[in-house]
Amino acid sequence: MSSLVWNTHPDRSRDEARRQTRESGGRNTADELQTIRGLIEAPPGASRAQLSRQVCELFDWRKPNGELKDMTCRVAMLRMQADGLLTLPAARRTAPRQPEYRPTHATDPQPLLTQPVHELPPLSVRQVVGSANSRLWNEYIARYHYLGHTPMAGSQSRYFVFAGETLVALLSFAASAWKLAAREQFIGWHDDQRQRNLQLVVNNARFLILPWIQCKGLASKILSLMQRQLPKDWLARYGYRPVLLETFVETPRHRGTCYKAANWIKVGQTVGRGKKCPTRKSILPIKDIWLYPLHRSFRSVLCR
């Protein structure tokens, strides 16, 4: 039996290219663009990082916890440059190469565990904290998730799940998809509401049960734990509570049985096109879209 893994990176529409700009707090008005161009031109010699902080301070673009959205703003300005709206100073250093996370003994397979979930020691969910644990989490995902490891941008949280002291699973949560027709129909919000409140939707970006863990009912039990734990952790880290979770299950590779057992709702499918897809034909795997409301009045919160 193979490990249980889900691909939870959705197909994106072309509009997602503008997402970082929207999230930074700006709307790309002519006045805002002119102001940003002015900052680029004077004083000369400012780095891209310095410019992004200046722009955030000028327009008061901040996260709910008060921190500047400088990284998001930097990505937004790169997008503006790609669209020909402005010209940034040359990068002062090239982006560091992403580590490959080659397997080590730390992530070697362990003895097979087949007990049903009710016979396991108590489950505990632990956030990934510190560089050593971060690297270990990345190595497990790179080694055992069929998609491998890819860096996440923006708000995010990663977890180890233990049964007693035995590691059984790993999860991550991150920013939601920019546009999903089935999700938008389910929520019933219009475009302005979506752009304003999208941060309240969080994506279950990875879910991996280790290959040697074959415990009936474990996956849905973990999801139930996370549905209670994630809002508290998100509030502590980012200053607000999400009201809706989403995830994407690639079919026919997986059926999403554990999400159904944990009371998630399947609302439709992706269309199989990436954000820069040159054709209207499906070129990526189709994925089922599953949602889980974290708040009884999630629709009114998202549509306000």
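Not measured: the values here are computed from a predicted model.

Draft legend 1. Local environment of the overall build of the protein. Looking only at helices and strands, the protein features 10 helices and eight strands. Sequence-distant contacts in the protein: of pairs separated by 6 or more residues, those separated by 24 or more amount to 74%. When the accessible area of the protein is evaluated, it comes to approximately 15900 Å², of which 50% is carbon and sulfur surface.

Draft legend 2. Examining the nonpolar core more closely. One finds Phe173, Phe207, Leu210, Ile213 and Leu302 to be the most contacted residues of the largest nonpolar core, which totals 61 residues. Residues Leu39, Ala46, Cys73 and Met80 belong to the second largest nonpolar core, which totals 16 residues.

Draft legend 3. A look at the pattern of salt bridges. Using the criterion set out here, one finds eight salt bridges in the structure. Residue Asp60 is joined to Arg62 by a salt bridge in which the shortest nitrogen-to-oxygen separation is 2.7 Å. Here Asp108 makes a salt bridge to Arg143, at a shortest N to O gap of 3.0 Å. One end of the pair, Asp108, is in the loop between helix H4 (70-82) and strand E2 (123-127); the other, Arg143, is in helix H5 (residues 131-144), and 35 residues separate them in sequence. On the basis of relative accessible area, Arg143 is assigned to the partly exposed category, the value being 28%.

Draft legend 4. Quick look at the pairing of strand E6 (residues 244-250). Of all seven residues making up E6, seven are buried, and the element is well covered by its neighbours. Alternating positions in E6 separate into two faces, Leu244, Glu246, Phe248 and Glu250 on one and Leu245, Thr247 and Val249 on the other, with burial throughout. The pairing of strand E5 (residues 201-209) with E6 spans three bridges and is parallel. Counted as the bridge partner of Asn203 is Glu246 from E6. With helix H8 (residues 218-238) bridging E5 and its parallel neighbour E6, the resulting β-α-β unit is right-handed. Pairing between E6 and strand E8 (residues 287-293): seven bridges, direction antiparallel. Bridging from a neighbouring strand, Phe248 pairs with Ile289 of E8.

Draft legend 5. Region of the structure containing the packing of helix H3 (residues 48-59) against H4. Following both chains from N to C, one finds H3 and H4 inclined at 105°, their axes separated by 8 Å at the closest point. Of the possible angle classes, the one that applies to H3 and H4 is roughly perpendicular. Counted together, Arg48, Ala49, Leu51, Ser52, Arg53, Val55 and Cys56 of H3 and Asp70, Cys73, Arg74, Met77, Leu78 and Gln81 of H4 form the full contact between these two elements.

Draft legend 6. Representation of the confidence of the model for the protein. Put simply, the protein has an average pLDDT of 85, and 84% of its residues get 70 or more. Across residues 20-27 the pLDDT falls below 50, and counting only partners more than four positions away or on other chains, this stretch makes 22 contacts in the model.

Draft legend 7. Examining H4 more closely. The first and last C-alpha atoms of H4 sit 18 Å apart over 13 residues, in line with the 18 Å expected at 1.5 Å per residue. Taken together, the buried positions of H4 are occupied by Thr72, Cys73, Ala76, Met77 and Met80. Looking straight down H4, one finds its buried side chains confined to an arc of 140°; they lie on one side. Away from its buried face by more than 90 degrees, H4 exposes Met71 and Ala82.

Draft legend 8. View of the side chain of Asn138. Examined against the element boundaries, Asn138 turns out to sit in helix H5. The class for Asn138 is buried, based on a relative accessible area of 5%. Separated by 2.8 Å, the side chains of Asn138 and Arg158 make a polar contact. When near neighbours in sequence (up to four residues on either side) are disregarded, Asn138 contacts Tyr101, His149 and Arg158.

Thresholds, definitions, all that
Every chain is numbered independently, its residues counted from 1 as its sequence is written. The model is predicted, so local features are restricted to residues of pLDDT at least 70 and side-chain atom pairs to those at 80 or more, both for listing and for counting; the totals for chains, interfaces and linings are taken over all residues. To get the side-chain values, all heavy atoms of the structure are used, and hydrogens and water are removed first. Think of it this way: any DSSP run of H or I at least four residues long counts as a helix, any run of E at least two long counts as a strand, and we number them from the N terminus. Throughout, a contact is declared for two residues whenever any of their heavy atoms are within 4.5 Å. Throughout, the Shrake-Rupley method with a 1.4 Å probe supplies accessible areas, and for residues the shown protein chains are the sole cover considered. Only buried Ala, Val, Leu, Ile, Met, Phe, Trp, Tyr and Cys residues count toward a nonpolar core, and they belong to the same one when joined by side-chain atoms within 4.5 Å. When accessible area is computed with a 1.4 Å probe and restricted to protein chains, residues below 20% of their type maximum are described as buried, those above 50% as exposed, and intermediate ones as partly exposed. Throughout this description, the term salt bridge denotes a Lys or Arg side-chain nitrogen within 4 Å of a carboxyl oxygen of Asp or Glu. Two strands form a pair only when DSSP identifies at least two bridges running between them. The handedness of a crossover follows from its direction of travel: if, with the strands pointing away from the viewer, the path from the first strand over the helix to the second runs clockwise, the crossover is right-handed. For helices, the fitted line uses only the C-alpha atoms of the stretch in contact; every axis is such a line through C-alpha atoms, and the angle between N-to-C directions lies from 0 to 180 degrees. Angle categories: roughly parallel below 35 degrees, roughly antiparallel above 145, roughly perpendicular from 65 to 115, and oblique for all the rest. Each residue carries a pLDDT score, the predictor's confidence in it, ranging from 0 to 100. Between the first and last residue of a helix there are one fewer steps than residues, each counted as 1.5 Å, and that sum is the expected span. By construction, the arc corresponds to the directions joining the helix axis to the C-beta atoms. The definition of a polar contact used here is a pair of N or O atoms within 3.5 Å, where within protein one atom must be able to donate a hydrogen and the other to accept one, and adjacent residues in sequence count solely through side-chain atom pairs.

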